[in-house]
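Spelled out, the chains give:
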Amino acid sequence: MKPIIVANWKMHTRLGEALILASGIKEGLTDFTGCQAILCPPFPWLAPVAEVLQKHPLKQLVLGAQNIYWQGEGAFTGEVSAEMLRGLVSCVILGHSERRHYFKETNQEINKKVLLALEARIRPIICVGELRRPSAAILRDPSDLTSEMVKQPLDELSAAVKGLTPEQLSRVAIAYEPVWAISSNKNAVPATGHYAQAVAAKLRARLTRHLGEPAAHIPILYGGSVNPQNAGEFLAQPDINGALVGGASLQVRSFLSICKQAV
Ligand code: PGA
């Protein structure tokens, strides 16, 4: 499976910056087909960034959104529905820990968003991750990691995919993002490659329980302080099929460097 590298620009960039960033990344990926890169700009920049990407489009560079609302349509001032994004974006980040924390998103709402995205032919990138940082010993050597220690991401995963048909489930992607590792959190540190792999393997096992053997083809990405220095370590893990990148996706050079380390 081709590694997927997602740029989550969060609530950053002005229009001019977003266009420069998108064009620079596009130029840098022209001759590189080793990964599938996905740019997720803020909502108002989706259409202008789409214009940049659509001029001589590259298969390896597509557009994604950072969120959708959990209802299909209606009097929900300020919200954006999955149907509004149909055809415009390929993917949508759902259940990001910032949305769970600041906007009090629940597992039930995230599950509804996943279904609406799939109905609109948009691939959900479902974010899951534990709040509590594991001990230094477990981070160094996760061979004793139990499912109980990563109950939160496993439960979040099962809740997000509840009620999906096997066909629908085969169209999702998972982003394992330990909350303690996300760069905007105080005292954040990246996970280790071994630890991220150990959790990804447990997530893969949970997906297999829901879907059987085809779960081997569901992309599991790692996110949390990924940068050009540590990306290779995460991307080399057998159950990690890509990265969800926040801070380091805001510079052409660092994002391209991460993309080009995809193996
Ligand atoms: P970070 O963000 O790479 O800045 O830690 C990742 C994310 O929140 O998706």
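This text follows the structure it describes.
Residues numbered from 1 in each chain as written. Predicted model: local features only at pLDDT ≥ 70, side-chain atom pairs only at ≥ 80, totals over all residues. Heavy atoms only, no water.

**What about the pattern of salt bridges?**
Moving on, step 1. Scanning the model with the defined rule gives eight salt bridges in all.
Moving on, step 2. Salt-bridge contacts for Glu156 lead to Arg100; the nearest nitrogen and oxygen are separated by 3.8 Å. Remark: Arg100 occurs in helix H4 (residues 97–102) and Glu156 occurs in helix H7 (residues 151–160); sequence separation between them is 56 residues. Both residues of the pair, Glu156 and Arg100, count as buried.
Moving on, step 3. With a shortest N-O distance of 2.5 Å, Lys151 and Asp155 are connected by a salt bridge. In this pair, Lys151 and Asp155 are both assigned in helix H7, four residues apart and thus about one turn of the helix distant.
Moving on, step 4. Residue class for Lys151 comes out partly exposed when judged on its relative accessible area of 40%.
Moving on, step 5. The partly exposed category is assigned to Asp155, whose relative accessible area is 33%. (Salt bridge = Lys/Arg side-chain N within 4 Å of Asp/Glu carboxyl O. Helix = DSSP H or I, 4+ residues; strand = E, 2+ residues; numbered from the N terminus. Buried < 20%, exposed > 50% of the residue type's maximum accessible area, 1.4 Å probe, protein only.)

**A short note on the packing of helix H1 (residues 15–29) against helix H11 (residues 252–259)**
Moving on, step 1. Orientation of H1 relative to H11, taken along the N-to-C sense of each, is 35 degrees, at an axis distance of 9 Å. Here H1 and H11 pass one another in a crossing that is right-handed. Counting all contacts with H1, which are made through Ile20, Leu21, Gly24, Ile25, Gly28 and Leu29, the residues of H11 involved are Val252, Phe255, Leu256 and Cys259.
Moving on, step 2. Among the residues forming the contact of H1 with H11, the class breakdown is eight nonpolar, two polar and no charged. (Axes fitted to C-alpha atoms, helices over the stretch in contact; angles between N-to-C directions. Left-handed = near helix turned anticlockwise from the far one by under 90°. Contact = heavy atoms within 4.5 Å. Nonpolar A, V, L, I, M, F, W, Y, C, P; charged D, E, K, R; others polar.)

**Some remarks on the site of the ligand**
Moving on, step 1. The local shell around the ligand holds 14 residues, among which Lys10, His96, Glu177, Ser183 and Ser225 are the closest.
Moving on, step 2. One nitrogen or oxygen atom from the side chain of Asn8 is found 3.4 Å from an oxygen atom belonging to the ligand.
Moving on, step 3. Within the contact set of the ligand, an oxygen atom lies 2.9 Å away from a backbone nitrogen or oxygen of Gly246.
Moving on, step 4. Against a free-state accessible area of 280 Å², the protein chains account for coverage of 98% of the ligand.
Moving on, step 5. For the shell around the ligand, the class distribution of residues is four nonpolar, seven polar and three charged. (Near = heavy atom within 4 Å. Polar contact = N/O pair within 3.5 Å; in protein donor to acceptor, adjacent residues only side chain to side chain. Areas by Shrake-Rupley, 256 points an atom, 1.4 Å probe, with all protein chains shown as cover.)

**What about the environment of Leu15?**
Moving on, step 1. Tracing the chain through its elements places Leu15 in helix H1.
Moving on, step 2. C-alpha separation for the pair Leu15 and Val49, spaced 34 residues apart in sequence, amounts to 8.9 Å.

**So, the side chain of Ser254**
Moving on, step 1. The topology assignment puts Ser254 in helix H11.
Moving on, step 2. By relative accessible area, which is 11% here, Ser254 ends up buried.
Moving on, step 3. The residues touching Ser254, leaving out its near neighbours within four places in the chain, are Pro228 and Ala248.

**Re the state of the cysteines**
Moving on, step 1. This model, assessed by the stated rule, comprises zero disulfides.
Moving on, step 2. Lacking any disulfide linkage, Cys40 is separated from the closest cysteine sulfur, that of Cys91, by 6.8 Å.
Moving on, step 3. In this structure Cys91 comes out as buried when scored by relative accessible area, which is 4%. (Disulfide = S-S within 2.5 Å.)

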